[in-house]
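A structural walkthrough
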Amino acid sequence: MSVHFRPRFHLAPPSGRLNDPNGLYVEDGVLHAYYQHDPQWPTAEKRTGWGHASTPLLSDKPELWTHHPDALYPAVDYDDKGCYSGSAVLVNGELELFYTGNAKPGGHRRATQNLVHVGGRRRADGGTYLRSERNPLIDGPAPGFTNHYRDPHVLWREDHWLMVLGAQRDDETGSVVLYTSEDRRAWDYAGEIQFDTSSAVPGGAPDMIPGGYMWECPNLVTLRDDVTGEDMDVLIVLPQGLEQVGDHYANNHQCGYVVGHLQGTTFTVSRGFTELDYGHEFYAPQVVHGSQPPLMLGWMGLPDLDDQPTRQDGWVHTLTVARELHLSDGVLRQVPRASISSNKADSDLEVGASFEWSGEMPPGSELVLVDTAEDAVARLSVNGNVVELDRQDQQYHAGGDVRRAYLRGVTSAVDVRVLVDASCLEIFIDEGRISFASRIFPRHEPNECIVRVLT
C-alpha cells in the first residue's frame, strides 16, 4: 500500500481521479476549491464531475482541507459525457458555477456552456446544485470553431461581465474567444482575441504567441506591477500540441502567460509568452479573484499520465498549494501563501514527510533531496543563470527526468524555497519568478525526505 504518498496540505481526492481546479472562490476567509473528479476511477467508465473541498485561509498557516460531497456529475443530455471545467462567481451573496457540458450525440462532440445555482452552501453537506432552466447558455461554438470550446472563466470587467473561453479554430489551431453579458444569463459573442505584438518584448519562451492545436483553461487577471506601478492584464492559456524547443515545452501539455492590455478583443502584448511552471507535473491552473493578492492553484498532474503508484489505493493526482500572484517588471511571481511547517530550516538539513526548507543557493551549488535509505529523490542545481531540477530514480520515474529554467540578471546567490509534502514537491526560486511542481515517489518507506545543500 502507498498510503505514505498521500499529502497533508495538498488537496488530493478521497478516491478516484482529480484533475483541473474549478470554481475557486473565497468567502468569509475560507477558500473553496471545486475540481474535476472521476470518483470511481480506475474501475468504472469515465464520468467526470466536480468534487468540492474547502480550507480556512489562516495567517501563515497551511491548507488543511475538508472534503464535501461532490457538487456536479453527468446527469442531463447536454453534459452526459462530463461536466467539464469552469469557474465560480460570488455576487450579492449568491454563488453561481459556470461549466462546459460535454455530450456526444450520435458520436459527435457537442460543447455547451452552462450555469448552476448553488444553495445552502454553508451547510455541512456542501449545499444543493441546481442547473439553470436557461441552459445551455451558449449552445455550441461560434462560426469558425470546432466543439473543442470549453472552460468558461467568468469575471466582472469595467461595466460588464466577461466570459473567456478556450477554443479550437476549424483549421485545428488554438485560440481564446470572448463573450459579454449584463446579467450572466444572456451572452453575446464578442469575438476572438487578436494579439498585437508590435511593441512587445519577448517573454521567457521561444514564441511571442504560442501555437498549438487547442488552447484550454484560459484565465484573465489584472495585476499592478510592483516595479512600474501600472495595472497590467495577465492572460493565462494552455496551448496543447507544442513541440519541444531546447529546454522549453518539455511536458506533453503546456501552460503559460502573456502580459499587456486587453481592450475589446485586442490584447496589446507588452511581454510575450512565458511558461508558468517548469516542473514535471503542472497544468490547468485557475486564479481566485476574491482574494488580495489573487491566489492561484494548479493541477499537479498531466493528461494521460495516470499510472502512478497511488493507483493501487484508488486515487491519483493533487492540486498545488495556494500561490499568491505578483507582477514584477512584467514577470509573474508565484509565492506560496503559507508555510507548510512551523519551523523553517535554518541549517542545510531538514527531514520529514511534510516540511519546508528555505535558504540561499550560490552559483555552483546543489540541493539534494534524499530518502531514508540515502537514495537521491531529486536534485536541484544552480549553475550561472541555469536552474536544473533532476528527478532521480524512484518509483514510477526511471530517473534522468530533467527540467531546466533560466534566471534573469542574477549573478549572486538566489533565494530558494522548497516544499515537501509526501509525494508533492514544489520549489520556488528568485522570489517566485521560477517555480517547479513535481510529484515524487521514493522507493523506501516511510516517505520521509532529507534536504542537503552542497556547495
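The structure under discussion appears in the preceding block.
Note that this is a predicted model, so its numbers are computed, not measured.

**A few points about the overall build of the protein**
When its secondary structure is counted, the protein shows 0 helices and 34 strands. Against the compact-globule benchmark of 23 Å for 455 residues, the protein has a radius of gyration of 21 Å, which places it among compact chains. Over its C-alpha atoms, taken along the principal directions, the protein stretches across nearly 60 × 50 × 40 Å. The buried share of the protein, taken over its 455 residues, is 60%.

**Remarks on the pairing of strand β13 (residues 188–192)**
Sheet topology places strand β12 (residues 174–181) next to β13; 4 bridges connect them, and they run antiparallel. Directly across from V177, in β13, lies its bridge partner E192.

**A short note on the layout of surface pockets**
Approximately 690 Å³ is the volume attributed to the largest pocket. N19, K46, Y84, R150 and E216 are the residues nearest the centre of the largest pocket, which is lined by 30 residues in total. Among the elements of the structure, β1 (16–27), β5 (83–91), β10 (145–157) and β15 (214–224) are those that each provide at least two residues to the lining of the largest pocket. Taken together, the residues that form the lining of the largest pocket break down as 7 nonpolar, 9 polar and 14 charged.

**What to know about the pattern of salt bridges**
Summed over all chains, the structure comprises 24 salt bridges. One salt bridge in this structure joins R224 and D231, with 2.8 Å as the shortest N-O distance.

**Digging into the sheet that holds strand β18 (residues 266–275)**
The sheet built from 5 strands is open, its strands ordered β14-β18-β17-β16-β15 with mixed pairing. Since the sheet does not close on itself, it has two edges, and those belong to β14 (194–196) and β15, each with one partner. With strand direction ignored, the average angle separating the axes of adjacent strands in the sheet is 40°. As judged from the 7 bridges shared by strand β17 (residues 256–263) and β18, these two strands associate in the antiparallel manner. Across the sheet, residue Q263 finds its bridge partner in β18, namely T266.

**Focus: the sheet that holds strand β11 (residues 160–169)**
Across the sheet, 4 strands lie side by side as β10-β11-β12-β13; this open sheet has antiparallel pairing. Looking at the sheet topology across the chains shown, the edges are occupied by β10 and β13. Neighbour-to-neighbour, the strand axes of this sheet turn through a mean angle of 25°, independent of strand direction. For β10 and β11, the ladder comprises 8 bridges, and the chain directions are antiparallel. Paired with Y149 across the two strands is A167, which belongs to β11.

**With respect to the environment of G384**
By the secondary structure assignment, G384 is in the loop between β28 (376–383) and β29 (386–391). In sequence terms G384 and P363 are 21 residues apart; their C-alpha atoms lie 5.8 Å from each other.

**Let's talk about the nonpolar core**
The tendency in soluble globular proteins is for nonpolar side chains to be buried side by side. Membership of the largest hydrophobic core comes to 39 residues, with the highest contact counts inside it found for L11, V234, I236, Y257, L276 and L332. Counting residues per element, this core draws most heavily on strand β20 (residues 295–300), at 5 residues. When sequence neighbours within four positions are dropped, the list of residues in contact with Y257 reads V234, L235, I236, R271, G272, F273, T274, E275, L276, G330, V331 and L332.

**Some points on the side chain of N22**
Mapped onto the secondary structure, N22 falls in strand β1. Owing to a relative accessible area of 0%, N22 belongs among the buried residues under this scheme. A distance of 2.9 Å separates polar atoms of two side chains, one belonging to N22 and the other to Q36. Polar contacts involving the side chain of N22 include one to the side chain of W50, which spans 3.4 Å.

**Some details on the packing of aromatic side chains**
A full pass over the atoms with the stated rule returns 12 aromatic pairs. Look at Y34 and Y129: their rings are 6.1 Å apart centre to centre, the planes differ by 85°, and that puts the pair in the edge-to-face class. Of this pair, Y34 sits in strand β2 (residues 30–38) while Y129 sits in strand β8 (residues 128–131), and the two are 95 residues apart along the sequence. Comparing Y34 with Y129, the two get one shared label, buried. Both rings, one in F195 and one in F267, keep their centres 5.9 Å apart while their planes meet at 50°; by these two values the pair is tilted. Linking F195 in strand β14 with F267 in strand β18, this pair joins segments that are 72 residues apart in sequence. A residue is classified by how much of its surface remains accessible, and F267, at 0% relative accessible area, is buried. Feature note: the residues Y34, W50, Y99 and Y129 constitute an aromatic cluster, connected by ring pairs. The ring of W315 is capped by R6, whose NZ or CZ atom sits 4.4 Å from the centre of that ring. Directly above the ring of W161 sits R184, whose terminal nitrogen or CZ lies 4.9 Å from the centroid.

**Looking at the environment of L235**
Tracing the backbone through its elements, the reader meets L235 in strand β16 (residues 231–240). The sequence separation of L235 and H153 amounts to 82 residues, and the corresponding C-alpha distance is 11 Å. Leave out the neighbours within four places in its chain, and L235 touches I193, F195, N219, L220, G256, Y257, V258 and F267.

**A few points about the pairing of β15**
Counted residue by residue, β15 has 9 buried out of 11 residues, so it is predominantly covered. Both β15 and β16 contribute to a ladder of 9 bridges, which runs antiparallel. Of the residues in β16, the one forming a bridge with L223 is M232. What sits between β15 and β16 in their antiparallel hairpin is a turn of 6 residues, with G229 showing a positive phi close to 75°.

**A few points about a positive patch on the surface**
On the surface, a cluster of positive charge is contributed by K46, R47, K81 and K104. Relative to the helices and strands, K81 resides in the loop between β4 (66–72) and β5.

Parameters and conventions
Within each chain, residues carry numbers counting from 1 in the order of the written sequence. Local features in a predicted model are, by the rule used here, given only for residues with pLDDT of at least 70; side-chain atom pairs are given and counted only at 80 or more, and totals for whole chains, interfaces and linings are based on all residues. Water and hydrogen atoms play no part in the side-chain values, which are based on all heavy atoms of the structure. Put simply, DSSP H or I for four residues or longer makes a helix, DSSP E for two residues or longer makes a strand, and each gets a number counted from the N terminus. Based on C-alpha atoms, the radius of gyration is set beside the globule rule, defined as 2.2 Å times the residue count to the power 0.38. Three exposure classes are used, based on accessible area relative to the maximum for each residue type with a 1.4 Å probe and protein chains only: buried under 20%, partly exposed in between, and exposed over 50%. A pair of strands is considered paired only if DSSP assigns at least 2 bridges between the two. Lining residues are defined by having an atom within 4 Å of a point belonging to a cavity or pocket. Those points lie on a 1 Å grid over the protein atoms alone, cavities being sets where a 1.4 Å probe fits but cannot get out and pockets being open sets with protein on both sides within 12 Å along at least five of seven lines. Grid points are joined across faces, edges and corners, and a volume is the space filled by probe spheres set on the points. We call Asp, Glu, Lys and Arg charged. Ala, Val, Leu, Ile, Met, Phe, Trp, Tyr, Cys and Pro are nonpolar, and the rest, Gly among them, are polar. A side-chain nitrogen of Lys or Arg and a carboxyl oxygen of Asp or Glu constitute a salt bridge if their distance falls within 4 Å. Whenever a helix is involved, its axis is fitted only over the stretch in contact; in every case the axis is a line through C-alpha atoms, and angles between N-to-C directions fall within 0 to 180 degrees. For this analysis, a nonpolar core means a set of buried residues of the types Ala, Val, Leu, Ile, Met, Phe, Trp, Tyr and Cys, connected via side-chain atoms within 4.5 Å. When checking whether two residues touch, look at their non-hydrogen atoms; a contact exists if any pair is within 4.5 Å. Identification of polar contacts relies on pairs of N or O atoms within 3.5 Å, with a donor-acceptor requirement for protein atoms, meaning one able to donate a hydrogen and the other able to accept it, and with residues adjacent in sequence counted only if both atoms are side-chain atoms. Between 30 and 60 degrees the pair is tilted, below 30 it is stacked and above 60 it is edge-to-face, where a pair is any two Phe, Tyr or Trp rings, Trp via its six-membered ring, whose centres lie within 6.5 Å. Consider the ring centre and the ring normal. A charge sits over the ring if Lys NZ or Arg CZ is within 6 Å of that centre and within 35 degrees of that normal. Each patch is built from residues that are more than 30% exposed by relative accessible area and take part in no salt bridge. Like charges join if they lie within 9 Å; nonpolar side chains (Val, Leu, Ile, Met, Phe, Trp, Tyr) join within 5 Å. For the accessible areas, the method is Shrake-Rupley and the probe is 1.4 Å, while residue cover comes only from the protein chains on display. In summary, the charge assignment counts Lys and Arg as positive and Asp and Glu as negative, without counting His or the chain termini. By convention, the point assigned to a charge is CZ for Arg, NZ for Lys, CD for Glu and CG for Asp.

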